[in-house]
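Overview (structure and organization)
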Amino acid sequence: DTGVSQNPRHKITKRGQNVTFRCDPISEHNRLYWYRQTLGQGPEFLTYFQNEAQLEKSRLLSDRFSAERPKGSFSTLEIQRTEQGDSAMYLCASSFSDRSYMNEQFFGPGTRLTVL
Amino acid sequence: GQNIDQPTEMTATEGAIVQINCTYQTSGFNGLFWYQQHAGEAPTFLSYNVLDGLEEKGRFSSFLSRSKGYSYLLLKELQMKDSASYLCAVGRRAGNMLTFGGGTRLMVKP
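Residues numbered from 1 in each chain as written. Chains lettered and ligands numbered in written order. Predicted model: local features only at pLDDT ≥ 70, side-chain atom pairs only at ≥ 80, totals over all residues. Heavy atoms only, no water.

1. Remarks on the pattern of salt bridges
Evaluated as defined, the whole model comprises seven salt bridges over all chains. Between Arg 64 of chain A and Asp 86 of chain A there is a salt bridge whose closest N-O contact spans 2.9 Å. Linking Arg 64 of chain A in the loop between β6 (53–57) and β7 (65–68) with Asp 86 of chain A in the loop between β8 (75–79) and β9 (88–95), this pair joins segments that are 22 residues apart in sequence. Here Arg 66 of chain B makes a salt bridge to Asp 52 of chain B, at a shortest N to O gap of 3.0 Å. Note that Arg 66 of chain B is positioned in the loop between β7 (60–65) and β8 (70–75) and Asp 52 of chain B in the loop between β5 (44–49) and β6 (53–57), a separation of 14 residues in sequence. For Arg 66 of chain B, a relative accessible area of 42% corresponds to the partly exposed category. With a relative accessible area of 43%, Asp 52 of chain B lands in the partly exposed category. Bridged by salt links that share partners, the residues Arg 64, Glu 83 and Asp 86 of chain A form one connected network. (Salt bridge = Lys/Arg side-chain N within 4 Å of Asp/Glu carboxyl O. Helix = DSSP H or I, 4+ residues; strand = E, 2+ residues; numbered from the N terminus. Buried < 20%, exposed > 50% of the residue type's maximum accessible area, 1.4 Å probe, protein only.)

What follows is the structure in structure tokens.
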């Protein structure tokens, strides 16, 4: 399967614990995005990378959230000191884009986080 | 700020045609995307409009008017498997970050 993959698919944690999610994009894609989706809502943009550079972060991304894409391939999203409000589906998407070509984002299956 | 509006729910009959509207107000417009999302699954890409007009892809068509901040997704020959949420999203700025509407939950009835 050459699609976007995410691990774990589900995570249950207690409030105050740290969690880390991983995203493996489609191999030739240079852009990687993180979104968060709560039930009945559309996804909300969190941050994105072009290759290994993190180029934009949403105001939604508090100091407890950090994302990395160290070699321009896979990415990790870490949430420190989780709160119940962090419970959501965390979606990763990737695309290939350059100045002359805009391509759609392909989404992974998501990691569902439940904070107790 | 960003504001994208679409109806919350729609119901249609198998074999019919349905139009899902989307209005938007956003800065740094870089294209209008439609995604389909079945319950518990990831969004999948349906269509992309960056210029005004109609884009047709099989049973699905999408229309854009940039001056009116308006788009619609047209689904023809509805099938039961088309029951899903349809997400309107605006790509913003050079990074093409997507701002999504709340989604329209479409129920197709026999």
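2. Points about the state of the cysteines
Residues and elements named next belong to chain A. Tallied over the entire structure, the rule returns two disulfides over all chains. For Cys 23, the disulfide goes to Cys 92, at an S-S distance of 1.8 Å. Looking down the S-S bond of the Cys 23 and Cys 92 bridge, the torsion is -65°, so its handedness is left-handed. Here the residue Cys 23 occupies a position in strand β3 (residues 19–24), and Cys 92 occupies one in strand β9, the gap between them amounting to 69 residues. (Disulfide = S-S within 2.5 Å.)

3. Description of the nonpolar core
Core analysis: the biggest nonpolar cluster contains 20 residues, and Leu 32, Trp 34, Leu 73, Leu 75, Leu 78, Tyr 86 and Leu 106 of chain B have the highest contact counts within it. For this core, the secondary structure elements donating two or more residues are β3 (18–25), β4 (29–37), β7, β8, β9 (84–92) and β11 (104–109) of chain B. Setting aside chain neighbours within four positions, we find Leu 32 of chain B in contact with Tyr 24, Ser 47, Tyr 48, Asn 49, Leu 64, Ser 71, Cys 88, Ala 89 and Val 90 of chain B. By size, the runner-up hydrophobic cluster in this structure holds 19 residues, among which are Val 19, Phe 49, Leu 61 and Tyr 90 of chain A. (Core = buried A, V, L, I, M, F, W, Y, C linked by side-chain atoms within 4.5 Å. Contact = heavy atoms within 4.5 Å.)

4. Focus on the packing of aromatic side chains
All names here are of chain A. Tallied over the entire structure, the rule returns 16 aromatic pairs over all chains. Centre to centre, the rings of Tyr 35 and Phe 45 are 6.0 Å apart; their planes meet at 70°, and the pair counts as edge-to-face. Here Phe 45 lies in strand β5 (residues 44–50) and Tyr 35 lies in strand β4 (residues 31–37), a separation of ten residues in the sequence. Tyr 35 sits in the buried class, given a relative accessible area of 0%. (Phe/Tyr/Trp six-rings, centres within 6.5 Å; stacked < 30°, edge-to-face > 60°.)

5. Observations concerning the sheet that holds β3 of chain A
Residue and element names in this part refer to chain A. In spatial order, the strands read β1-β3-β8-β7; together these four strands make up an open sheet with antiparallel pairing. Looking at the sheet topology across the chains shown, the edges are occupied by β1 (5–7) and β7. Strand-to-strand twist in this sheet, taken as the mean axis angle between neighbours without regard to direction, amounts to 15°. Examined bridge by bridge, β3 and β8 share five bridges and lie antiparallel to one another. (Pairing = 2+ DSSP bridges. Axes fitted to C-alpha atoms, helices over the stretch in contact; angles between N-to-C directions.)

6. With respect to the sheet that holds β8 of chain B
All names here are of chain B. In space, the five strands of this open sheet follow the order β1-β3-β8-β7-β6, with antiparallel pairing throughout. Bordering the open sheet on either side are β1 (3–5) and β6, each of which pairs with just one other strand. Across this sheet, the average inter-strand angle for adjacent strands is 15°, counted without regard to direction. In terms of strand pairing, β6 meets β7 through five bridges, oriented antiparallel. Across the sheet, the residue bridging to Leu 54 is Phe 63, located in β7.

7. Brief notes about the interface of chain A and chain B
Facing 19 residues of chain A, the contacting portion of chain B comprises 19 residues. For the chain A and chain B pair, buried surface summed over both sides reaches about 1,500 Å², with 55% attributable to carbon and sulfur atoms. If you look at where chain A meets chain B, you find zero salt bridges. Taken together, the links from chain A to chain B amount to six residue pairs in polar contact (both at pLDDT 80 or more). Sort the elements by how many residues they give to the side of chain A that touches chain B and β4 of chain A lands first, with four residues. (Buried area = accessible area lost by both parts, 1.4 Å probe. Polar contact = N/O pair within 3.5 Å; in protein donor to acceptor, adjacent residues only side chain to side chain.)

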